[in-house]
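Chain residues, written in single-letter form:
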Amino acid sequence: MSADERLERLMQQEIDGANQAEESAELARRLADDPAAQAAYDELRAAVDALDDVDQTEPPRPLWPSVSRSLQPPRRVWRPRWRPAVAWGFAAGLAAGLLVLLAVDDGLVHPTALEPWMQPFGAMGLDPGRAEVLAATPYQAQHGQTEVTISAVRDGETIVLDVMATSPELLRVVVTGLDGQACRGWSVSHGNPAASSVRDETWALSCEGSVRARAWFTTVDGAGRFHVRWQLPGGAGDTVEIGSE
Amino acid sequence: MSDGDRRLIERIRRGESELYAEIVSRYERPIYCLALRLTGNPEDAWEVSQVAFVSAYRKLDQFDPDRRFFSWLYRIAYNAALDLIAGRRRQVELPVDLVSRVAGPDAEAAASERRALLEAGLAELSFDHRVVIVLRHFLDLSYREMAEILAIEEKTVKSRLFTARRELAARLRKALDR
């Protein structure tokens, strides 16, 4: 290392507070003997001090509302060991077999398991051959121009709730466990213009306009029973109990 | 990684996705600051910040909790800025709103002018030199953290930073002499 290179390194390290005592002393000696080096050091020091005085710039608006709209909940629960096509093929075969059995004994499985409205659940990481339909058919309600459709499936202890609503008024949907029992492990996704929060193990969704929201959760006893209440500002609404018998 | 970050990340990974709002709130300022200095304009910085947070969320499963979360996040933001700049294939221009803040009483105006000159000098640096200045002086990162984010050796970080400071000081001097 040349003398100039060493001097440069000592200056930079001094600015970083990284010099040992003897290195600081050496730098002071060399600067005292060399006015040009002292001027260069002062110039460097002034630039760095000016940099350190600059405040971080605030974003012009909070990022979260925009980020949250782009997020999807993390994939949960079921991790297929087979390739998806094989799994779906297996599920289709299983379903066909069950349909044959249904012709013999209608009590074996609920026929709505194969209805088209369930298909979106297939893309949510659920095992199509194992998911259990919790609402016999999607719950549907209408009040004036407000329409609410709620469907739910269960895979093991995980419940996936799908809420579709159109409402010109502020619609509030609240999901709670039965008998005041908590639901847990919430993961939710919702579209604009909805607001959603999980407090005290209760999911509350507020929306105006059209919205589709989904929630993943478990009931505290694992029994998969819960309440969904929807309500409009005037008091109109309904409470639905959903869950396994 | 701080214990606060660690606990938050664990809960988000377990499904409490709404807690990611806390991560965004905690890091939006430094991420935006980094993005603004690298891209040179507020709209691009906004886009880079958003892409960085969304991308980090989607990769949370790949995050090693033994690493520092902010280094990992800054690296994602740095790459997002690089992608945006490469995608637009244009020179980063000096952001007008960062250099036109000379106003007010004399002392304030002088400080403001100096700040504007500094911002201008910074914007004229090469991308590699600008990024080390931003990481070191605006985000207060160590050489080791900078090396991790930039995926280069620590000695390279040091040498780039020394050159960048020297160039910036020279530009400031020239501007003040004018």
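If you're wondering where the values come from, they're calculated on a predicted model, not measured in any experiment. Residue numbering note: each chain is counted from 1, following its sequence as written. Lettering of chains starts at A and numbering of ligands starts at 1, both following the order in which they are written. It should be noted that, the model being predicted, local features are given only for residues of pLDDT at least 70 and side-chain atom pairs only at 80 or more, the latter also being counted only at that level, while totals for whole chains, interfaces and linings use all residues. Remark: hydrogens and water are excluded; side-chain values derive from all non-hydrogen atoms of the structure.

Enquirer: Explain the packing of helix 2 (residues 21–33) of chain A against helix 3 (residues 35–53) of chain A here, please?
Expert: Pairs of packed helices are described in terms of their axes, by the angle between the two and the distance that separates them. Residue and element names in this part refer to chain A. The N-to-C vectors of helix 2 and helix 3 enclose an angle of 120°; their axes lie 5 Å apart at closest approach. One finds that helix 2 runs oblique with respect to helix 3. Counted together, L27, L31 and D33 of helix 2 and P35, A37, Q38 and Y41 of helix 3 form the full contact between these two elements. Here the nonpolar group is Ala, Val, Leu, Ile, Met, Phe, Trp, Tyr, Cys and Pro; Asp, Glu, Lys and Arg are the charged ones; every other residue, Gly included, is treated as polar. For the contact of helix 2 with helix 3, the per-class residue count stands at 5 nonpolar, 1 polar and 1 charged. Where helices are involved, their axes are fitted lines through C-alpha atoms of the stretch in contact, as for all axes, and angles between N-to-C directions lie from 0 to 180°. Put simply, DSSP marks the helices as runs of H or I at least four residues long and the strands as runs of E at least two long, and each gets a number from the N terminus on. An angle counts as roughly parallel when it lies under 35 degrees, as roughly antiparallel when it exceeds 145, as roughly perpendicular when it falls between 65 and 115, and as oblique in every other case. Every residue pair with non-hydrogen atoms within 4.5 Å of one another is taken to be in contact.

Enquirer: Please clarify how the nonpolar core should be interpreted in this entry.
Expert: Side chains of nonpolar character tend, in soluble globular proteins, to be buried together. By convention a nonpolar core is built from buried Ala, Val, Leu, Ile, Met, Phe, Trp, Tyr and Cys residues, the set being connected through side-chain atoms within 4.5 Å. Note on classification: 1.4 Å probe, protein chains only; a residue is buried when its accessible area is under 20% of the maximum for its type, exposed when over 50%, partly exposed between these limits. Residues Y20(B), F53(B), F69(B) and L135(B) are the most contacted members of the largest nonpolar core, which totals 76 residues. Of all hydrophobic cores here, the second largest spans 28 residues; its members include I159(A), L161(A), A215(A) and L232(A).

Enquirer: Is there a simple way to explain the interface of chain B and chain A in this structure?
Expert: Often, the extent of an interface is quoted as the loss of accessible area upon association of its parts. Contact residues are listed per partner, giving 42 residues for chain B and 40 residues for chain A. With both chains or domains summed, chain B and chain A bury close to 3,800 Å², and 58% of this area falls on carbon and sulfur atoms. When a carboxyl oxygen of Asp or Glu lies within 4 Å of a side-chain nitrogen of Lys or Arg, that pair is called a salt bridge. Along the contact surface separating chain B from chain A lie 5 salt bridges. Note that D16(A) and R136(B) form a salt bridge whose closest N and O atoms lie 3.1 Å from each other. When two components associate, each loses some accessible surface as probed by a 1.4 Å sphere; the sum of these losses over both components is called the buried area.

Enquirer: Would you mind showing me how to read the pattern of salt bridges here?
Expert: As a working rule, side chains carrying opposite charge can pair if their charged atoms are close by. According to the stated counting rule, one finds 19 salt bridges over all chains in the structure shown. The salt bridge involving R9(A) is made with E23(A); its shortest N-O contact spans 4.0 Å. Taken together, the residues R9(A) in helix 1 (residues 3–16) and E23(A) in helix 2 connect sequence positions 14 residues apart. Accessibility expressed as a relative area gives 28% for R9(A), which makes it partly exposed. We note a salt bridge from R68(B) to E148(B), for which the minimum N-O separation is 2.6 Å. Linking R68(B) in the loop between helix 3 (42–58) and helix 4 (69–88) with E148(B) in helix 8 (residues 143–150), this pair joins segments that are 80 residues apart in sequence. For R68(B), a relative accessible area of 17% puts it in the buried group. Through salt bridges with shared partners, a single ionic network connects R67(B), R68(B), E145(B) and E148(B).

Enquirer: Hey, could you run me through the confidence of the model for chain A in this one?
Expert: Detailed reading of the predicted model is not advised wherever pLDDT is low. All names here are of chain A. The score called pLDDT rates the predictor's confidence residue by residue, from a low of 0 to a high of 100. Overall, the predicted model of chain A reaches an average pLDDT of 72, with 66% of residues at or above 70. For chain A, helix 5 (residues 84–104) is the element with the lowest average pLDDT, namely 59, and helix 2 is the one with the highest, namely 94. Note on residues 73–82: pLDDT is under 50 here. Beyond four places in sequence and across chains, it has 28 contacts. Considering only residues more than four positions removed or in separate chains, one finds that residues 103–120, a stretch of pLDDT under 50, has 23 contacts.

Enquirer: Is there a simple way to think about a negative patch on the surface in this case?
Expert: Among the surface-exposed residues, D4(A), E5(A), D33(A) and D34(A) lie close enough to one another that they form a single negatively charged patch. Take D34(A): it is sitting in the loop between helix 2 and helix 3. Patch definition: residues with relative accessible area over 30% and no salt bridge; like charges joined within 9 Å; nonpolar side chains (Val, Leu, Ile, Met, Phe, Trp, Tyr) joined within 5 Å. Each accessible area is a Shrake-Rupley result for a 1.4 Å probe, and residues are judged covered by the shown protein chains and nothing else. For the purpose of charge, His is not counted, nor are the chain termini; Lys and Arg are scored as positive and Asp and Glu as negative. By convention, the charge on Lys lies at NZ, on Arg at CZ, on Asp at CG and on Glu at CD.

Enquirer: It is not clear to me how the packing of helix 7 (residues 127–138) of chain B against helix 9 (residues 154–177) of chain B should be interpreted in this structure. Could you clarify?
Expert: Residue and element names in this part refer to chain B. Running from N to C, helix 7 and helix 9 cross one another at 95°; their axes reach a closest spacing of 9 Å. Between helix 7 and helix 9, the angle falls in the class roughly perpendicular. Two secondary-structure elements touch here, helix 7 through D128, H129, V132, I133, R136 and H137 and helix 9 through R160, L161, T163, A164, R165, E167 and L168.

Enquirer: Could you clarify how one ought to interpret the side chain of E26(A) in this entry?
Expert: Residue and element names in this part refer to chain A. Relative to the elements of secondary structure, E26 occurs in helix 2. Here E26 falls in the buried class, since its relative accessible area comes to 17%. Sequence-distant contacts of E26, that is, excluding residues within four places in its chain, are made with R6 and L10.

Enquirer: Help me understand unusual backbone geometry in this model?
Expert: Excluding glycine, residues mostly carry a negative phi; peptide bonds, for their part, are mostly trans. Residue and element names in this part refer to chain B. Of note, the phi angle at D140 is positive, near 55°, even though the residue is not glycine. Note that D140 resides in the loop between helix 7 and helix 8. One non-glycine residue, A151, adopts positive backbone phi at about 55°. You can see A151 is positioned in the loop between helix 8 and helix 9. With relative accessibility at 52%, the residue A151 sits in the exposed group.

Enquirer: What exactly am I supposed to notice about the pairing of strand 8 (residues 225–231) of chain A here?
Expert: In regular strands, side chains alternate between the two faces of the sheet. All names here are of chain A. By the alternation rule, side chains of strand 8 split into F226, V228 and W230, which are all buried, and R225, H227, R229 and Q231, of which none is buried. Here, strands pair whenever DSSP counts at least two bridges between them. Judged from the 6 bridges that link them, strand 4 (residues 158–177) and strand 8 form a sheet pairing that is antiparallel. From the neighbouring strand, G177 faces strand 8, where its bridge partner is F226. Taken together, the 7 bridges between strand 8 and strand 9 (residues 237–243) define a ladder with antiparallel strand orientation. Residue pairing across strands places H227 opposite E241, the latter belonging to strand 9. The hairpin formed by strand 8 and strand 9 contains 5 residues between the paired strands, and G235 there has a positive phi angle of roughly 105°.

Enquirer: In this structure, what is going on with the packing of aromatic side chains? I would like to understand it.
Expert: How two aromatic rings sit relative to each other is given by the distance of their centres and the angle of their planes. Stacked, tilted and edge-to-face pairs are distinguished by plane angle, under 30 degrees for stacked and over 60 for edge-to-face with tilted covering the rest, among Phe, Tyr and Trp rings (Trp via its six-membered ring) whose centres lie within 6.5 Å. Tallying each qualifying case throughout the model produces 8 aromatic pairs over all chains. Where F63(B) meets F69(B), the ring centres are 5.4 Å apart and the plane angle is 90°; that geometry is what we call edge-to-face. Per residue, the accessibility class of F63(B) equals that of F69(B), and both read buried. Seen in terms of ring centroids, F69(B) and W72(B) are 5.8 Å apart; in terms of plane orientation they differ by 40°. Their pairing is tilted. Taken together, the residues span about one helical turn, with F69(B) and W72(B) both in helix 4 at a distance of 3 residues. By relative accessible area, F69(B) is classed as buried at 0%. Positioned above the aromatic ring of W46(B) is the side chain of R61(A), whose terminal nitrogen or guanidinium carbon lies 3.9 Å from the ring centre. Throughout this description, the term charge over a ring refers to an Arg CZ or Lys NZ atom that lies within 6 Å of the ring centre and within 35 degrees of the ring normal. The ring of Y143(B) carries the charged tip of R136(B) above its face, separated from the ring centre by 4.7 Å.

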